[in-house]
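Take a look at the letters that make up each chain.
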Amino acid sequence: MSATNPAGAPLDGRGGADRADADDRCLDLVAGYDEDGPTAYECGALVRHTETGYSCARGHAYTYAAHREAEGWDYASDPVEAELLGRAGVIGVRPDDGRPWL
C-alpha cells in the first residue's frame, strides 16, 4: 500500500506532484482589488504534495500537524498565541514566512 496525502492522493516517494494531485490548487488567500476595492482571492496556483505537507508554485507552504508536533513547533497568528504555545514548550512561528515570533 502506498502513502497518501490527507486528500487521499498517492505520494510518489520523491515528494513531488504526481497525476493524482496535478489538479490541486492552493487555497491560501492573497490580497487584491476588484471593482469594489480591496478584497481577497484564493491563490489558485498548482500544489505540490510532499511527505511533510505541501507547497504551491507561488511560494505558499503548509506542514502537516504531525510533523510540526514532532519538530516542536506550530503556527501562531500573533505574539500572544506564540506566548501561549511557548508555555507548552512549543515554538510559535509566523504562518506567512515561518520565522519564530520573538
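Structure first, text after, so check above.
Note that the coordinates shown come from a computational prediction; the quantities given were computed from them, not determined experimentally.

K.L.:
Looking at this structure, I do not really get the overall build of the protein chain. What am I missing?
P.N.:
Scanning the protein chain from terminus to terminus reveals two helices and seven strands. Ordering the α and β elements of the protein chain from the N terminus gives β-β-β-β-β-α-β-α-β. Here the protein chain holds 102 residues, and the buried ones make up 25% of them. In the protein chain, the share of contacts with a sequence separation of at least 24, taken over all contacts with a separation of at least 6, comes to 18%. Looking at the protein chain as shown, the accessible area adds up to about 7,200 Å², and 53% of this sits on carbon and sulfur atoms.

K.L.:
Looking at this structure, how should I read the state of the cysteines?
P.N.:
Covalent bonding between the sulfur atoms of two cysteines defines a disulfide. On inspection of all chains with the given rule, the structure shows zero disulfides. Cys-43 takes part in no disulfide bond, and the closest cysteine sulfur to it belongs to Cys-56, at a distance of 3.9 Å. Given the relative accessible area of 7%, Cys-43 is considered buried. A relative accessible area of 9% means that Cys-56 is categorised as buried.

K.L.:
What is the right way to look at the pattern of salt bridges in this model?
P.N.:
Proximity of charged atoms lets side chains of opposite charge pair with each other. Considering all chains together, one arrives at three salt bridges under this definition. Here Arg-87 and Glu-83 are joined by a salt bridge, their closest N and O atoms 2.8 Å apart. Within this pair, Arg-87 and its partner Glu-83 are both found in helix α2 (residues 79–87), separated by four residues, close to a single helical turn. Given a relative accessible area of 64%, Arg-87 falls into the exposed group.

K.L.:
How should I be thinking about the nonpolar core in this particular structure?
P.N.:
Side chains that are nonpolar tend, in soluble globular proteins, to be buried together. Counting five residues, the largest nonpolar core is built from Cys-26, Cys-43, Ala-45, Val-47 and Cys-56. Apart from the residues within four sequence positions on either side, Ala-45 is in contact with Asp-24, Arg-25, Cys-26, Cys-56, Ala-57 and Arg-58.

K.L.:
What am I meant to see in the sheet that holds strand β5 (residues 61–63) here?
P.N.:
Paired through their backbone hydrogen bonds, the strands of a sheet run either parallel or antiparallel. On the basis of which strands lie adjacent, the open sheet formed by three strands has the order β3-β4-β5 and antiparallel pairing. Only two strands of the sheet have a single neighbouring strand rather than two, namely β3 (47–49) and β5. Between one strand axis and the next, the sheet turns through 15° on average, direction left out of account.

K.L.:
Please explain the packing of aromatic side chains as it appears in this structure.
P.N.:
Under the counting rule described, the total for this entry stands at five aromatic pairs. Centre to centre, the rings of Tyr-62 and Tyr-75 are 5.7 Å apart; their planes meet at 20°, and the pair counts as stacked. Residue Tyr-62 is located in strand β5, and its partner Tyr-75 is located in strand β6 (residues 73–75); the two are separated by 13 residues in the primary sequence. Joined through ring pairs, the aromatic side chains of Tyr-54, Tyr-62, Tyr-64, Trp-73 and Tyr-75 make up one cluster.

Reading the values: rules and limits
Residues numbered from 1 in each chain as written. Predicted model: local features only at pLDDT ≥ 70, side-chain atom pairs only at ≥ 80, totals over all residues. Heavy atoms only, no water. Helix = DSSP H or I, 4+ residues; strand = E, 2+ residues; numbered from the N terminus. Buried < 20%, exposed > 50% of the residue type's maximum accessible area, 1.4 Å probe, protein only. Contact = heavy atoms within 4.5 Å. Areas by Shrake-Rupley, 256 points an atom, 1.4 Å probe, with all protein chains shown as cover. Disulfide = S-S within 2.5 Å. Salt bridge = Lys/Arg side-chain N within 4 Å of Asp/Glu carboxyl O. Core = buried A, V, L, I, M, F, W, Y, C linked by side-chain atoms within 4.5 Å. Pairing = 2+ DSSP bridges. Axes fitted to C-alpha atoms, helices over the stretch in contact; angles between N-to-C directions. Phe/Tyr/Trp six-rings, centres within 6.5 Å; stacked < 30°, edge-to-face > 60°.

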